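Coordinates in review
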Amino acid sequence: MSRKTRLYIIAAVIIFVSVLFVVFVSNFESNVMDYKKVVETDVSRLSLFGFRSFLGEFEKQVSQSLMNENISVPNLSALNQKLSQFCSFVVWLDSDGNVVEVFGNPPHEDLYEDNMIQAVLYEDYGTFYTDLYALDDGLQIRTVTTLRSSEKKDLVFVAGKNLSKESFTKLGQLVQRAVFFVSRDGKTFGEASPIDEGLLRKASESHRPEVDLTSDSKMISVVPFFDFQEWNVKGFIINHSRVERFKKDVFQLKIVDLFLFFGCVILLIVGISIVARRNKKALYILTIFSVPLLLMIFYGYTFQVPGVLQKEYSDYVHAAARVLGEFGRIWLEDGQVEGIKQILNVQVLLSKNESIVSSTLRKELLKTIGNWVAVKKVGDVEHGEVLVNKVPYTYWRLRSNQQVLDVVKEKTPLVNAATKIRFSGIIAIVICLTFVWLLGFSIRNADRPRLLRATLIGYIFLAPALIHLIWWAAGPVGFSFFLAFHRWNVIDPAKPFVGLDNFKELFRDKLFWNAMKNTVLFSLQVPIGMFFSLLLAMAVNRPTRSMALLRTVYYLPAVTAGVSTTIVWRWILNKDFGILNYILGIFGIPKIPWLTSPRTALIAIMLMSIWQALGSQMIIFLAGLQSIPQAFYEAASIDGANGFQKFRKITLPLLKPTSIFVLVTSVIGSFQVFTPVYVLTQGGPLRSTDVVFYHIWESAWIELRMGYAAAQSWMLFLVLVVLTYLQFKLFGKESWQQYF
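Description of the packing of aromatic side chains
Within the structure shown, the criterion is met by 39 aromatic pairs. Ring centres of Phe-21 and Phe-261 lie 5.3 Å apart, and the angle between their planes is 65 degrees; this geometry places the pair in the edge-to-face category. Of this pair, Phe-21 sits in helix α1 (residues 3-66) while Phe-261 sits in helix α6 (residues 244-275), and the two are 240 residues apart along the sequence. An angle of 20 degrees between the planes, with centres 5.4 Å apart, marks the rings of Phe-674 and Tyr-678 as stacked. For Tyr-678, a relative accessible area of 39% gives the class partly exposed. One residue, Arg-142, lies across the ring of Tyr-133, its end atom 4.0 Å from the ring centre.

Structure (structure tokens):
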């Protein structure tokens, strides 16, 4: 190898590894930042949960103070003094809106016209409504109810208190974010920062948390706060999270990776220098020296990036534990499992004496809960891992007296993000191996530039087909193998690993094996069709003008759209109006329910398939017949052989390679029959035409069980491999070795 060639190869290595590093780093950062936005969305729900807890705590204090009290007009003043411990103001109104008793500094607006008071007037006595109000002097919590006095008068009770600044500080410490509130009219409460109005509008329209990254390295999450009726947006809870520490950690990882990639480049250059002296072992030596690079990619995509995601998720888990430890008992004692689910986007189980009394999970899922594994305890809250229907969840457990509150949340976003990254790693490793192979080939043939140039030009022309093959064939095959070991539903984001469960279910699935039986019966039409195709090929194997037209006519079904011909056959096979029954009726045969009887439906599809395959099989047999030298037939004629003897001793033996090709491809095609079944019978009647390919389609796109359908596909593949092997053995080695 010349020095110039060696420099070119070293430059190619440096460029390739540099591009690989840039792609890795950018992919690393984009995936981690995308997942951090998901985490910030969940953290913003924690802040909303805290605000709702402030309202619930105040409502509970007021309701407990009014419980068992003698509500009478003369006693209202003393009752107000009792409520003054936690209320900034108390107002008693009669049913007409007139003030009966006042304590503290009530708001100046007409309280009676407030929507919350108007709503509570239509409720039963003792029903509380609580809401948050943005005033000029701060945020105010108000709760209202209607009560019946001992004088038989209806009284409207209104109490309120200001939300202190310490509440924002307390909530910020729990979620480790800067938390503040922005009202619908733009007033801010707490240590506020500038907020993009477009982000507020987006959250208001979507009714869900929205996250954005600002130019000053802050992650802003906005969650809308609804009124007591959950109808109108009253404001927005804002979380500010500085990402300098996060970016610093990412930068440190980049530096470490840079040095590792740099070391991999040096090793590859050393390998190239060694290979320059031993060209014959170029690929072997380069593969050894590329192992560190492959290990680096494997480590980065399998452990490093998912590890950063896990760290972000762990921070959220600890924040949730702190928030639940601070506010969870308010919801636990009231049994508000639906409220917790709605705010935190989780599932909730409430137990008493080790028996579930309330749950947001379906009963079917409750039976699948298992493998509770405690990880850590933060304050009074224990958190850990649990499986629900084999889907990994994180749980938080809070105990209060004999009651236990379990909050469980899917780890699906984390699992899916990690899986996506690992798939990227597999692609990167394949690209690296391809590059090493090309490098080894180039070094080994460095002294043969014409061969390298011809190879390069050849692969440039092959590139479109190769890319298509890898993307649309090799890729889906590998992905289907991955699916076969997962419970994969296109609707459910959770796609857990289930091991061999799909295959175990497959062996117990009577419907699948019924479909396999129907497919085997359907494939019996293959030798019948081959027989007629061969006869047809022999009939048109004549050099006459009419033969060209006949060949075209016979081949037309093969090039006509399958759905179109199937629809035509549906009319041909119609019991009452079909032409086939009409012809049979001429000979006195009664009408046959071709497509509606379990006895004849599969036979009808077989007849149509034989007709549809005649043209393509005829062309292949015709090519095989025309490849037989005429000298063999002339010699047989001289020896006195008749037509049948020529067919048996010359045609059939020399057509063996053609026959096995037609047989193998036709059997594989018969096991993949779909269009006639879908158009004519949809697997019926009574599943008599439910073939394997249709059954797989039904599992995938009707039942939406992609993983189970993939397992069935691989079982079909194994069956076809066995059948193909048996066909090769049946015909003998001499009939198929020319194809390999």
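Okay, back to it.
What to know about unusual backbone geometry
Cis geometry marks the peptide bond from Gly-684 to Pro-685; its omega dihedral reads -5 degrees. Inspection of the secondary structure puts Pro-685 in the loop between α22 (675-680) and α23 (692-701). Even without being glycine, Lys-390 reaches a positive phi, approximately 70 degrees. For Lys-390, the position within the fold is in the loop between β14 (381-388) and β15 (391-400). For Lys-390, a relative accessible area of 38% puts it in the partly exposed group.

Things to note about the packing of helix α14 (residues 525-539) against helix α21 (residues 656-670)
At their nearest, the axes of α14 and α21 sit 10 Å apart, and the two run at 135 degrees to each other. One element, α14, and the other, α21, form an angle in the oblique class. Between α14 and α21 the crossing geometry is right-handed. When α14 is examined against α21, the residues Gln-525, Val-526 and Met-530 are found in contact with a partner set consisting of Ser-659, Val-662, Leu-663, Ser-666, Val-667 and Ser-670.

Thoughts on the environment of Trp-569
Structurally, Trp-569 is set in helix α16 (residues 562-572). C-alpha of Trp-569 to C-alpha of Gln-403: the two residues are 166 residues apart in sequence and 68 Å apart in space. Setting aside its immediate chain neighbours within four residues, Trp-569 contacts Leu-607, Met-608 and Trp-611.

Topic: the nonpolar core
Among the nonpolar cores identified, the biggest contains 108 residues, and Phe-51 and Trp-92 are the most heavily contacted of them. Membership of the second largest hydrophobic core comes to 43 residues, among which are Phe-503, Leu-536, Met-618 and Ala-709.

Topic: helix α7 (residues 282-334)
With 53 residues, α7 should reach 78 Å at 1.5 Å per residue; the first-to-last C-alpha distance of 73 Å fits that figure. Of all bends in α7, the biggest is about 55 degrees, found at Phe-327. Gly-335 occupies a position one or two residues after α7 and carries a positive phi of about 65 degrees.

Side note on the pattern of salt bridges
Tallied over the full model, the rule gives 23 salt bridges. In this structure, Lys-254 engages Glu-29 in a salt bridge whose closest nitrogen and oxygen atoms are separated by 2.8 Å. With Lys-254 in helix α6 and Glu-29 in helix α1, this residue pair connects regions lying 225 residues apart in the sequence. Of the residues examined, Glu-29 reaches a relative accessible area of 27% and is grouped as partly exposed. For Arg-52, the salt bridge goes to Glu-230, with nearest N and O atoms at 3.3 Å. Of the two residues, Arg-52 is situated in helix α1 and Glu-230 in the loop between β9 (218-226) and β10 (233-242); the sequence distance between them amounts to 178 residues. According to the relative accessible area criterion, Glu-230 is partly exposed, its value standing at 38%. Within the structure, one salt-bridge network assembled from shared partners comprises Lys-36, Glu-40, Arg-177 and Glu-312.

Cut-offs applied
- Residues numbered from 1 in each chain as written.
- Predicted model: local features only at pLDDT ≥ 70, side-chain atom pairs only at ≥ 80, totals over all residues.
- Heavy atoms only, no water.
- Phe/Tyr/Trp six-rings, centres within 6.5 Å; stacked < 30°, edge-to-face > 60°.
- Helix = DSSP H or I, 4+ residues; strand = E, 2+ residues; numbered from the N terminus.
- Buried < 20%, exposed > 50% of the residue type's maximum accessible area, 1.4 Å probe, protein only.
- Lys NZ or Arg CZ within 6 Å of the ring centre and 35° of its normal.
- Axes fitted to C-alpha atoms, helices over the stretch in contact; angles between N-to-C directions.
- Parallel < 35°, antiparallel > 145°, perpendicular 65-115°, else oblique.
- Left-handed = near helix turned anticlockwise from the far one by under 90°.
- Contact = heavy atoms within 4.5 Å.
- Core = buried A, V, L, I, M, F, W, Y, C linked by side-chain atoms within 4.5 Å.
- Expected span 1.5 Å × (residues − 1).
- Bend = angle between axes of the 7 residues up to and from the residue.
- Salt bridge = Lys/Arg side-chain N within 4 Å of Asp/Glu carboxyl O.

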